Amino acid sequence: MVSYVGFRVQHDNSRGPMKGGIRYHPQVEPDEVNALAQLMTWKTAVADIPYGGAKGGIGCSPKDLSFSELERLTRVFTQKIHDLIGVNTDVPAPDMGTNAQTMAWILDEYSKFHGYSPAVVTGKPIDLGGSLGRDAATGRGVVYATEALLAEHGKSVKGLTFAIQGFGNVGSWAAKLFHERGGKVVAVSDITGAVRNPNGIDIHALLQHKEATGKLADFSGADVMDSNDLLTQECDVLVPCALGGVLNRENAGDVRAKFVVEAANHPTDPDADEILSKKGVVILPDIYANAGGVTVSYFEWVQNIQGFMWDEDKVNAELKRYMTKAFHNIKGMCQSHDCNLRMGTFTLGVNRVARATLLRGWEA
């Protein structure tokens, strides 16, 4: 009999119900879940959506479990936490190793105890109250964030070159949308390998190739490259969309991009942050750059509570409005505190949480 350990960490609810993903991964442990819950508090505050931070997970290897085993695991986990989560308390979402189906099981199990409550989780299948545009939301948010950053520097996506590490949900959507806006994606990598083409890769063709073969290699429209060279590829904008800690003191000095857009969670470690800042590389921090996902999760929750669903154009237009407004708020912080984007972003988030805490009379 195998037993699994599950977690749900609730960090702060001064600004609203707690919000954060549930991940199924062998390395799920309390310290990591704690750190991620705290980051969600600052991320939702920066995006100016009415949530606090939470995170959860089960230490398991989902690829080694059958569909019915995953279902049983999810339902038992939900039975254990159903009185800790809720529409106005804590609203989970998918994360690494979980997806819309996982959310459907949580919704169903929760509803056995509390009645049908679609707003208790986000990232659901469309048929159960999921939002249009949620699938592309994080990648689309990365693009809107990048557009806001480039506009500040008098540039636009059109004609600039992009290198994208990670070609999963976030990386593939970001690549597709940069490509559609006239950006040149010159290098892409994922777990299977890496390809480059200095004249720009045809992203639609690459997506079809990956769909058909399951890998990036052997794509006729680009040359194979060493995955490790992607981060130091000649480009205007580097977009790490994969794992944390990929930019470090070993490789940061060799980065040739002028902008780094952190689509992954903490891809730049503190040493790299310092090295890149000294070189004049502009870093758009993760808690803003990848907030498109949680922002559209908020839209999904709002639609469920209203019992009225939006069309996809409205979802995308609202996402653009939120991402653009957040960037201008961050810039305002940077100007008044004379600091870089990361410090400005955290200052904005922490300030908002502190103000809400004081207003509610919770001061220590």
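Residues numbered from 1 in each chain as written. Predicted model: local features only at pLDDT ≥ 70, side-chain atom pairs only at ≥ 80, totals over all residues. Heavy atoms only, no water.

For the protein chain, an unreviewed UniProt entry supplies the name Glutamate dehydrogenase and the organism Salvia splendens. Of the comments in the UniProt record for the protein chain, the one headed Sequence similarities (unreviewed entry) reads "Belongs to the Glu/Leu/Phe/Val dehydrogenases family." (UniProt positions renumbered as here; feature names shortened; annotations may be inferred.)

Colleague: Residue-level account of the layout of surface pockets, with values.
Modeller: For the second largest pocket, the calculated volume is near 410 Å³. Looking at the lining of the second largest pocket element by element, the count peaks at six residues for helix 2 (residues 67–81). Across the lining of the second largest pocket, the residue classes tally to nine nonpolar, two polar and three charged. (1 Å grid on protein atoms, 1.4 Å probe; cavity = no way out; pocket = protein on both sides within 12 Å on 5 of 7 lines; lining within 4 Å. Points joined across faces, edges and corners; volume = space filled by probe spheres on them. Helix = DSSP H or I, 4+ residues; strand = E, 2+ residues; numbered from the N terminus. Nonpolar A, V, L, I, M, F, W, Y, C, P; charged D, E, K, R; others polar.)

Colleague: Pulling in residues and values, what's your account of helix 6 (residues 203–213)?
Modeller: All of the buried residues in helix 6 are I203, L206 and H209. Take helix 6 and look down its axis: the buried residues cluster within an arc of 115°, on one side only. With respect to the buried face of helix 6, the exposed residues turned more than 90 degrees away are Q208, E211 and A212. Buried-residue contacts for helix 6 involve helix 5 (169–180), strand 6 (184–190) and strand 7 (193–196). Measuring from the backbone nitrogen of H204 back to the side-chain oxygen at the start of helix 6 gives 3.2 Å, which picks out D202 as the cap. Downstream of helix 6 by one or two residues, G214 has phi in the positive range, about 80°. (Buried < 20%, exposed > 50% of the residue type's maximum accessible area, 1.4 Å probe, protein only. Arc of directions from axis to C-beta. Contact = heavy atoms within 4.5 Å. Polar contact = N/O pair within 3.5 Å; in protein donor to acceptor, adjacent residues only side chain to side chain.)

Colleague: How would you explain unusual backbone geometry if you had to name every residue and give the values?
Modeller: Look at D48: it is not a glycine, yet its phi comes out positive at around 60°. Along the polypeptide, D48 turns up in the loop between helix 1 (30–47) and strand 3 (52–59). Of note, D338 is a non-glycine position whose phi angle comes to about 50°, a positive value. Look at D338 and you get exposed, because its relative accessible area is 72%.

Colleague: Go over the packing of aromatic side chains, please, and point to the residues and values.
Modeller: Summed over the entire model, instances satisfying the criterion amount to 10 aromatic pairs. Ring geometry for Y51 versus Y298: centroids 5.8 Å apart, planes at 90°, classification edge-to-face. Here the residue Y51 occupies a position in the loop between helix 1 and strand 3, and Y298 occupies one in helix 9 (residues 292–306), the gap between them amounting to 247 residues. Grouping residues by exposure puts Y51 and Y298 together as buried. The interplanar angle of 20° and the centroid separation of 4.2 Å between the aromatic rings of F162 and F178 together place this pair among those described as stacked. Of this pair, F162 sits in strand 5 (residues 161–165) while F178 sits in helix 5, placing them 16 residues apart in sequence. A relative accessible area of 0% places F178 in the buried class. Among the aromatic residues, ring-to-ring pairing joins Y51, Y298, F299, W301, W310 and Y322 into one connected group. (Phe/Tyr/Trp six-rings, centres within 6.5 Å; stacked < 30°, edge-to-face > 60°.)

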